[in-house]
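# Inside the fold
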Amino acid sequence: MHSRFAACLLGIAGVLVCARLFIVRSDAEPRSGSTDDLVIHKPCRFQMPFIFDEVASSLEPESLVARLRPLEGIVLLRTALFDTPTARYSFVSAEPFLRFRSFGARCETSSGGQTTVQFGNPWHLLDALMARFEILDELDLPFPLGGCFGFWGFGLKGFVEPRLPRRALNDLELPDCDVGFYDSLVVFDHYLGKRWVISTGLGTDGARCGRRASDRAKFWTSKLADETHVSTDQNDRCAPRISRSHDPIGSPIRSTVSRAGFLKAVERAQNYIRSGDIYQVNLSHRLTVRTRSTGWHIYKQLLSVSPAPFSAYYDSGPFQIASSSPELFLRITGAHIQTRPIKGTRPRSADPDCDARLNYELLTSPKELAELVMITDLLRNDLGKICEYGSIRVPQLVTLERYPQVQHLVSTIEGRLRTDTTHFKAFASSFPGGSVTGAPKIRALEIIDELESVARGPYTGALGYLGFNRESQLSILIRTAVCHGSAVHFNVGAGIVADSDPAAEYAETMAKAGGFIGALHLRNHPEPSALK
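As the structure is a prediction and not an experimental result, all values here were calculated from the model.

### Structural notes on the overall build of the chain
- Tallying secondary structure elements over the chain gives 14 helices and 27 strands in all.
- Every one of the 532 residues in the chain was classed for burial, and the buried ones make up 58%.
- Considering only contacts in the chain between residues 6 or more positions apart, those separated by 24 or more positions represent 74%.
- As displayed, the chain offers around 22100 Å² of accessible surface, 54% of which is attributable to carbon and sulfur atoms.

Shown next as structure tokens:
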């Protein structure tokens, strides 16, 4: 009798605690997947609630990041073009409660100044970590309630397909993977013009602490306050003021391969195609220039001359990534997965007639259309490995998308994940993206490793987030600068098929470098020379 009475009292106490913590500050019920008129502190059964508050602020994402510097692990995922549903939100976060980096099989997990080293498959270790922090019973929202943010470099391909060689030299000595687990973030809704603070209170053990959630929410609210506004430029104390009238660096652009060397690599790739090894392969080279600019300054310049729907800035500490990627790798919402490969490129022109001719040329090119269809089929097969039978479909086969420097052809493939497939498993199974490797993928990866002399590093890997609430989005790391010490590195590539013109493919790579060259004010710089 006494035990039943005690249990009853505990149950009532639990309900009262939850009732006290449950606060709805809206007159209308929210629509699923929408943030309209919604501000909630919501409990998950008897767990501590997460905090989801709208904050009145006029700050843009860049201004918020300027206030955060030099905090650890700053990440900005920036929507610079707002004409698609996937390009509605921007995210800012900092100070992850857990960091994960991998160098081959050596995996480092850091928290609170302590670092633990394990040896194993980074994908498996990350999947196990992610399971600890999942928030599956919360409100249905179209963005992450905290998550794993960062980049996954091209070198992780070796842990997806173990038989792949690693011949290319990792001369920059960058990690294969560098991510943080973030318990709080700021969401910028560009469509509604609102700013939201999300704080979960998660810790390294997976438990959620109400005090931590409240403290982090107050931290973000204070940073968003308009009255303490500090301009972005004032925070860039290390960034020199650069004139657009001349090259402020005085250092030549260098490449990992000469023009003649790239043309020779294209011809060797075509020999593999003619011999039946592959149908298509993506070949790249890396441009490098010395600079006095900071990674943050280069990001802002890249954003101004080459805006894109998946722009990003990630501060790893020893190096920074500034990306202006136009390509969605994966968008996963619950069990729904989508990928949008890009194939086929033409430069833009300031002359409307010339631009229209380039547009028509791209849309009617048998080579470009065949290349896109080939990669679309490859990605249908990739998704087929992890999706329910019969769920794969292609709602868009050929769509033209235009950006300031170039225009592309794009397809959309989607499906429904099998019930036993986590987001990390889906990500690993599809990695790296077919549009930046080739077909068949495994043989194309072997040829890339043979023909490219240095490791790609972050390039053609992925950057983005896997949300604790099974909301995940990752872009392909193209149009991306790696700022490392006094050097900035920027890879560019092209898809090679049987009838490719080697000279035209090289010209395509340099057209893709237009945003990078413009960001460094090197528009009239001569052709890159090969690194010695």
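### Some thoughts on empty space enclosed by the protein
- Taken as a whole, this structure holds 5 cavities of 30 Å³ or more when the rule is applied.
- Taken as a whole, the largest cavity encloses approximately 180 Å³ of empty space.
- Counting only elements with at least two residues in the lining of the largest cavity, the list comes to strand E19 (342-347), helix H10 (366-384), strand E26 (487-496) and helix H13 (502-512).
- Tallied by class, residues from the lining of the largest cavity come to 5 nonpolar, 8 polar and 7 charged.
- Each pocket or cavity is described by its volume, and for the second largest cavity that value is around 100 Å³.
- Within the residue set of the lining of the second largest cavity, elements represented by two or more residues are strand E21 (406-416) and helix H14 (514-519).

### Focus on the nonpolar core
- Judged by nonpolar contacts, the single largest core of 44 residues is most densely connected at Trp152, Phe181, Ile337, Phe424 and Phe427.
- Here the element with the most residues in this core is helix H3 (residues 122-133); it accounts for 5 residues.
- Residues Leu287, Ile447, Leu451 and Phe490 belong to the second largest nonpolar core, which totals 34 residues.

### What about the confidence of the model for the chain?
- Scored by pLDDT, the chain has a mean of 83; 83% of the residues are at 70 or more.
- Segment residues 1-46 is flagged for pLDDT under 50; beyond a separation of four residues in sequence, or across chains, it makes 67 contacts in the model.
- Segment residues 228-248: pLDDT under 50, and 45 contacts once partners within four positions in sequence are set aside and those in other chains are kept.

### So, the layout of surface pockets
- Of the pockets and cavities examined, the second largest pocket occupies roughly 300 Å³.
- Lining the second largest pocket are 17 residues; nearest its centre among them are Leu378, Asp382, Lys385, Lys441 and Ile442.
- Those elements that place two or more of their residues in the lining of the second largest pocket are H10 and helix H12 (441-451).
- Counting residues per element, the lining of the second largest pocket draws most heavily on H10, which supplies 5 residues.

### Some points on unusual backbone geometry
- Note that the residue after arginine 69, namely proline 70, is joined by a cis bond; omega there is 10°.
- With respect to the secondary-structure elements, proline 70 resides in the loop between helix H2 (61-68) and strand E4 (75-78).
- A cis geometry characterises the amide bond from phenylalanine 431 onward to proline 432, with omega recorded as -15°.
- Within the secondary structure, proline 432 is located in the loop between helix H11 (423-430) and strand E22 (438-439).

### Let's talk about the environment of valine 75
- Here valine 75 shows up in strand E4.
- Residue valine 75 is classed as buried on the basis of its relative accessible area, which comes to 3%.
- Between the alpha carbons of valine 75 and alanine 312 there is a distance of 7.6 Å; along the sequence they are 237 residues apart.
- Ignoring sequence-local partners within four residues, the contact set of valine 75 consists of Phe91, Val92, Ser93, Phe149, Tyr182, Tyr313 and Tyr314.

Reading the values: the criteria
Residues numbered from 1 in each chain as written. Predicted model: local features only at pLDDT ≥ 70, side-chain atom pairs only at ≥ 80, totals over all residues. Heavy atoms only, no water. Helix = DSSP H or I, 4+ residues; strand = E, 2+ residues; numbered from the N terminus. Buried < 20%, exposed > 50% of the residue type's maximum accessible area, 1.4 Å probe, protein only. Contact = heavy atoms within 4.5 Å. Areas by Shrake-Rupley, 256 points an atom, 1.4 Å probe, with all protein chains shown as cover. 1 Å grid on protein atoms, 1.4 Å probe; cavity = no way out; pocket = protein on both sides within 12 Å on 5 of 7 lines; lining within 4 Å. Points joined across faces, edges and corners; volume = space filled by probe spheres on them. Nonpolar A, V, L, I, M, F, W, Y, C, P; charged D, E, K, R; others polar. Core = buried A, V, L, I, M, F, W, Y, C linked by side-chain atoms within 4.5 Å. pLDDT = per-residue confidence, 0-100.

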